[in-house]
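# Architecture and fold: a report
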Amino acid sequence: MNFKKIMIVYRKELMEVLRDKRTLFMILLLPVILYPVLIIGFNAVMSRQTGVLEEQGATIAIQDSVNTHVSARLLDELSKIEHYTLIPAAENAQSLYTSKDIQSIVTLRDSVSADGLITYQIYVQYDETNDRSQLTFAKIRDALKASEKSLVEEELQLSGLNPEIMNLIDVRRLNTADSQKTMGKVLGMILPYIMIIMLLSGASVVAADLVAGEKERKTLETLLVAGVDRRDIVIGKYLTIITLGMINLIVNLFSISFSMQYMLSQAGIDLAGAGMPIKAIFILLAAMLPLATLFSAILLSISTFSRNMKEARTYEQPLLMVSMILAMISFLPAIEMNNLMALIPIVNIALLFKAVMMNDYQLSHLFLTILSTLVLDVIAIWGTIKLFGTEGILFRSEDDGSSLKGLKRGDKMREHVFFSPYNGMIYFVLALLLLYYLGSYMQIKDLGTGLLMTQLFVILLPALLVLKIFKLPAKEILRLKPPKIKEVLLVPFIAVSATVLVALVSQVINAIYPFPEEYLKNLGKLFELDMPLWRSFLIIAIAPGICEELLFRGLMPRFFEKYGIKVNIVLTALLFAAFHLDPFRFLPVFLLGMLLGYLTLRSGSIFNSMISHALNNSLALFMTAFAGSSWLKVFISGEDELRYWLAAPAILILIIALYLFHKVTGGKECVES
Amino acid sequence: MISVHNLVKAFPQKGGTTFYAVNDVSFSADDGEIVCLLGVNGAGKTTTMRVLSTVFKATSGTAEIQGWDIKTHPQQVRNNLGFLTGDTGLYNRLRVHEFIRYFGRLYSMKDEAITRSMNEMAELLDMKDFMDKKIEFLSTGMKQKVSIVRSIIHDPPVMIFDEPTAGLDILTARNIISFIRTCKERGKCVLFSTHIMREAERLADRIVMIHKGRILAEGSLDALREETSQTDLDDIFVFYVNQYTEGAKVEAHEF
């Protein structure tokens, strides 16, 4: 790495970007103009509207069935309201109200209690959803309140009591939230969302231009033959994106803070001593910097991957969408920062932002957030450098879209064209959508039947249909080949020991990051289905063992074969874990997925992983079914915690069994792939 | 000088097959010599030059630029090489002198050396009037001159031109041709590729004919004429292509 060259690239890119009027507008001018105009304009319109409503006034029909000096006083107070007209309620009062000729009907009644005290009931008819009607109600209520006070005081004095008795109990607020915190709460909710989105969109304007733009303008090749290392080019460009992303962020932050402050002071919130929370802003910039680096790295890799700027902007959309959804977490009232949240990118910044704005954060969360984002960042930039060194990516030809047309059945080419990583991801996303919408719909009524239907119709059927529609040989592709006897004998040892180990891993995670109560309750439901054991066995063990395996060890690995067996196993396991839509079980499911992938891809027979999967699930079922049996206590402590000493024999058995499995299978599939 | 030894560049294709864009290519070019890589579109000219300029990695075989191996010393190879193509793009938002200085700095040149070299080239190519202009406002001919200066700012001993006149009008193309001659006069080793026979005839000291990634023939125009008993370069080229196709047919029969 050559720092001098990096700076040469960086300075040139910065100069070039800053000369682009479009970029300048997006990054500097837009935020400066946008917020004041939005907020101040909004305020002006709002106050103007209120003024208009006030001036419009209202006509109120009065139905006075009391007619005493008290009702006269009340009505007198009402008539003093500016712009308001009182009319006596006639027969047609209701129809006038419906046709909005009058805004309210006020009815006065009185009643006498057992000890002879007369009380008055005043009914105010209005429409809560109508702004004008609502304002009318508020005005009437305030006017009546005022006369109520003086009337009661007079009554008390007449009875020879001190009117002060009305203030016998006086509740007074002692709000410990200072104006800083009040402003922080408002800002903390909206700011993180806007900041994260602004950071991303600002950086993406620049990123698309930096590599995809160079490809489009045919300048990339000259840069590559210049006396500079590719890594230095990547890092120079990367720093450019970070810089402009951060500039955009800072401009946004100040612009929005000033505008908000203006709005709050207009709204009458006391801002004495609040000012700009300067310290908070510095902490936030420190926390946003890693996110800026992460976004920059991802955007740069997208830009590198894309053939032109248009393509880059298209590929940026999913990133923007996911970030928006994650950033929205700051709008949710109950979610607060904890160690687990601090590990989730974007979510951690949003929550930290909120906490910092309210001056109520922990330093450990700040460090965890920065650290976890930096780890991802390093991975992303490493990937980008790799990508930048890949000839196939850097010089992708325009006609990359191969088609199945013209390729006959049985032609090996058909399979090669169909099973591309791109198609694999498309299939996965569609399956995920199907699971999310159809699967959860199926499970609403009856969890048990719903689960079974999900396995059959959401997971299995589409996979088989795809093979049928594209006329691909299902048996071969899904590896529906009988396993060797030796393999089948080893699989139970592998499955049981792996289940124990993965369960222990879950326990450790749970000990560090306790799962939420609500979550455990939901998961428990699965095992407490009110049905005979054989049915839950079918639903929980057999169906996933067949259906999930056919998808994740049968179909999915075919899409990623070009990456080699190791990467393939990891990739499909990641997808398998993501498919469970459960962040708390991600790691355990991922580990199991890798094992299952290995079993099938290594042996060439999907039955091995089917048996293993079914065994794994039935073991969990078994433990719940026999929980409380005295003999199970040897392995279990507390309610359902496995004893940690189990790890030792489990590791030993797993290693031996895997070693033997590896030997028995002899790597015929490895040769194939 | 350039020397290429059994160079192979293969691209894996969809369907598990491999496409050999450059297949066992060997040739050399000396200082003060213009060598032309002649072939039809898709023959492997651009791929060969991209491997030589370290944009692509060689699958097997290797090459040396001024004695530096492209595999082990890519940085030194780039520093000894000027590279120019007909459809090179430029950074539109930079001024001409900024653009040239950028590349000079990437070649680790000192600022004074860049200025000196830039002024000399501006004089030679009659560019003084637009050195301070932004590139987006230049004409095609002016842009091509900027590209030329960019490729030679670090005074490399070896120049590679990939289809340097492709897509250029006649006047601009003439500038390039005369620049290539200037390079030779200054003792540089020049490799240029083209599919235009006339260009090869007019410029090249030696011609390397390339077809489907393989070298068909190599030699001076006179030597090639003598070997094929044809006078026209077009006919010479067709002669070798036919010879190659027949050979491939025979080979196919044998296996």
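Anything mentioned here points back to the structure above.
Quick caveat, the model's predicted, so the values are computed rather than measured. (Residues numbered from 1 in each chain as written. Chains lettered and ligands numbered in written order. Predicted model: local features only at pLDDT ≥ 70, side-chain atom pairs only at ≥ 80, totals over all residues. Heavy atoms only, no water.)

Another point: the overall build of chain A. Regarding its fold elements, chain A presents 26 helices and six strands. In terms of overall dimensions, chain A is more spread out than a globule: its C-alpha atoms have a radius of gyration of 35 Å, far above the 26 Å expected for 673 residues. Projected onto its principal axes, the C-alpha coordinates of chain A cover approximately 105 × 75 × 55 Å. Relative to its full complement of 673 residues, chain A shows a buried share of 45%. A separation of at least 24 residues holds for 75% of the contacts in chain A among residues at least 6 apart in sequence. Split by element, the accessible area of chain A, about 35300 Å² in all, is 66% carbon and sulfur. With 60 positive and 58 negative side-chain charges, chain A shows a spacing of 14 Å between the two charge centroids. (Helix = DSSP H or I, 4+ residues; strand = E, 2+ residues; numbered from the N terminus. Rg over C-alpha atoms; globule rule 2.2 N^0.38 Å. Buried < 20%, exposed > 50% of the residue type's maximum accessible area, 1.4 Å probe, protein only. Contact = heavy atoms within 4.5 Å. Areas by Shrake-Rupley, 256 points an atom, 1.4 Å probe, with all protein chains shown as cover. Lys, Arg positive; Asp, Glu negative; His and termini not counted. Charge placed at Lys NZ, Arg CZ, Asp CG, Glu CD.)

Residues and elements named next belong to chain B. With respect to topology, four strands assemble into an open sheet ordered β2-β1-β4-β5, the strand pairing being antiparallel. The two strands at the open ends of the sheet, each matched to only one other strand, are β2 (18-29) and β5 (68-69). Against the sheet, helix α1 (residues 45-52) contacts β1 (2-12), β2 and β4 (60-65), and its axis sits at roughly 115 degrees relative to β1. (Pairing = 2+ DSSP bridges. Axes fitted to C-alpha atoms, helices over the stretch in contact; angles between N-to-C directions.)

Residue and element names in this part refer to chain A. It is at 10 Å that the axes of helix α10 (residues 278-305) and helix α12 (residues 347-357) come closest, and there the two elements cross at 175 degrees. Considering the angle they form, α10 stands roughly antiparallel to α12. Seen from α10, the contacting residues are A280, I283, L284, A287, M288 and L291; seen from α12, they are I349, L352, F353, V356 and M357. When the residues that make up the contact of α10 with α12 are grouped by side-chain class, the tally is 11 nonpolar, no polar and no charged. (Parallel < 35°, antiparallel > 145°, perpendicular 65-115°, else oblique. Nonpolar A, V, L, I, M, F, W, Y, C, P; charged D, E, K, R; others polar.)

The subject of this paragraph is helix α6 (residues 170-185) of chain B. Residue and element names in this part refer to chain B. Taking 1.5 Å as the rise per residue, α6 with 16 residues should run 22 Å; its terminal C-alpha atoms sit 23 Å apart, in good agreement. Within the sequence span of α6, burial applies to T172, A173, I176, I177, F179, I180 and C183. Taken down its axis, α6 places every buried residue within 160 degrees of arc, on the same side. Turned more than 90 degrees away from the buried face of α6, the exposed residues are I170, L171, R174 and E185. N-capping of α6 is provided by D169, with a side-chain oxygen placed 3.1 Å from the backbone N of L171. Within two residues after α6, G187 carries a phi angle of roughly 85 degrees, on the positive side. (Expected span 1.5 Å × (residues − 1). Arc of directions from axis to C-beta. Polar contact = N/O pair within 3.5 Å; in protein donor to acceptor, adjacent residues only side chain to side chain.)

Residue and element names in this part refer to chain B. Both β1 and β4 contribute to a ladder of five bridges, which runs antiparallel. In the strand pairing of β4, V8 is matched with S60. Bridging between β1 and β2 involves eight bridges; their strand directions are antiparallel. Directly across from S3, in β2, lies its bridge partner S28.

With that out of the way, let us pick up the sheet that holds strand β3 (residues 34-38) of chain B. Within a sheet, each strand pairs with its neighbour through backbone hydrogen bonds, oriented either parallel or antiparallel. Residue and element names in this part refer to chain B. Spatial strand order, β6-β7-β8-β3-β9-β10: six strands in an open sheet with mixed pairing. On the outer flanks of this sheet lie β6 (81-85) and β10 (214-219), each paired with one strand and no other. The average undirected angle you get between the axes of adjacent strands in this sheet is 15 degrees. Looking at chain direction, β3 and strand β9 (residues 206-211) are connected through four bridges and run parallel. Along β9, the bridge assignment pairs V35 with R206. Taken strand by strand, α6 contacts β3, β6, β7 (158-162) and β8 (189-194), and its axis lies near 160 degrees from that of β7.

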